[in-house]
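# Analysis of the macromolecular model
Listed below are the residues making up each chain.
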Amino acid sequence: MVFIRLFTDAGVRKFGKKKCLYLGLLCSFLATLSYDMFTSIYSLIVARILHGIGFGLSTTFAAALVADVIPAQRRGEGIGYFGLGSTVAMAVAPALGVMLLTDFSANMLFFTINDSYLFGCC
């Protein structure tokens, strides 16, 4: 995640901030979907690297776009709220995920196409 941030300047010059943000979100989404498909530790490491690249890109460009959108006279306040919201989300989401995992089964949270009973099939 940290390594990819060294190359974000070249990405901005070539593609722009929005496209780099979308690329980061797409990498993170695809990596999240791919965790269930991989069976070896090496392929899981590749998925984790892809997830790190996506997370590094998306967090960097989300903050850059927020700084561009907020009016100059309220920029300090707006960036503070954005940073606080990001920090609270990173702190609450894992605890919420564990709570949901203990209250419901893992099949309810992470259903796949193999779980045919979720789709009404026999």
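Refer to the structure printed above.
The text that follows walks through the structure, step by step, so that each part is easy to find. Predicted model, so just to flag it, every value in this text is computed and none were measured. (Residues numbered from 1 in each chain as written. Predicted model: local features only at pLDDT ≥ 70, side-chain atom pairs only at ≥ 80, totals over all residues. Heavy atoms only, no water.)

## Here's the deal with the overall build of the protein chain
Cut-off, in case you're wondering: Helix and strand definitions follow DSSP, with helices as H or I runs of at least four residues and strands as E runs of at least two, each counted in order from the N terminus. A contact between two residues is defined here by any heavy atoms of the two lying within 4.5 Å. Each accessible area is a Shrake-Rupley result for a 1.4 Å probe, and residues are judged covered by the shown protein chains and nothing else.
Across its full length, the protein chain carries five helices and zero strands. Each helix and strand of the protein chain, ordered N terminal to C terminal, gives the series α-α-α-α-α. Looking at the protein chain alone, contacts between residues at least 24 apart form 51% of all its contacts between residues at least 6 apart. Only carbon and sulfur atoms are counted for the fraction: they give 73% of the accessible area of the protein chain, which is about 9,000 Å².

## Here we look at a nonpolar patch on the surface
The criterion, for reference: Each patch is built from salt-bridge-free residues with over 30% relative accessible area, joining like charges within 9 Å and nonpolar side chains (Val, Leu, Ile, Met, Phe, Trp, Tyr) within 5 Å. Criterion for a salt bridge: a side-chain nitrogen of Lys or Arg within 4 Å of a carboxyl oxygen of Asp or Glu. Each residue's exposure class comes from its accessible area (1.4 Å probe, protein chains only) as a fraction of the maximum for that residue type: buried when under 20%, exposed when over 50%, partly exposed otherwise.
Together, Met-37, Phe-38, Ile-41, Tyr-42, Leu-44, Ile-45, Ile-49 and Ile-53 give the surface a local cluster of nonpolar side chains, amounting to about 800 Å² of exposed area. Positionally, Met-37 belongs in the loop between helix H2 (17–34) and helix H3 (41–69). For Met-37, a relative accessible area of 59% corresponds to the exposed category.

## What to know about the pattern of salt bridges
Per the counting criterion, the structure on display carries two salt bridges. The partner of Lys-17 in a salt bridge is Asp-68, with the nearest N and O atoms 2.6 Å apart. Within this pair, whereas Lys-17 is found in helix H2, its partner Asp-68 is found in helix H3, the two being separated by 51 residues in sequence.

## Considerations on the side chain of Thr-8
Its location among the elements puts Thr-8 in helix H1 (residues 8–15). Residue Thr-8 is classed as buried on the basis of its relative accessible area, which comes to 13%. Here Thr-8 is in contact with Leu-57, Thr-60 and Phe-61, once residues within four sequence places are set aside.

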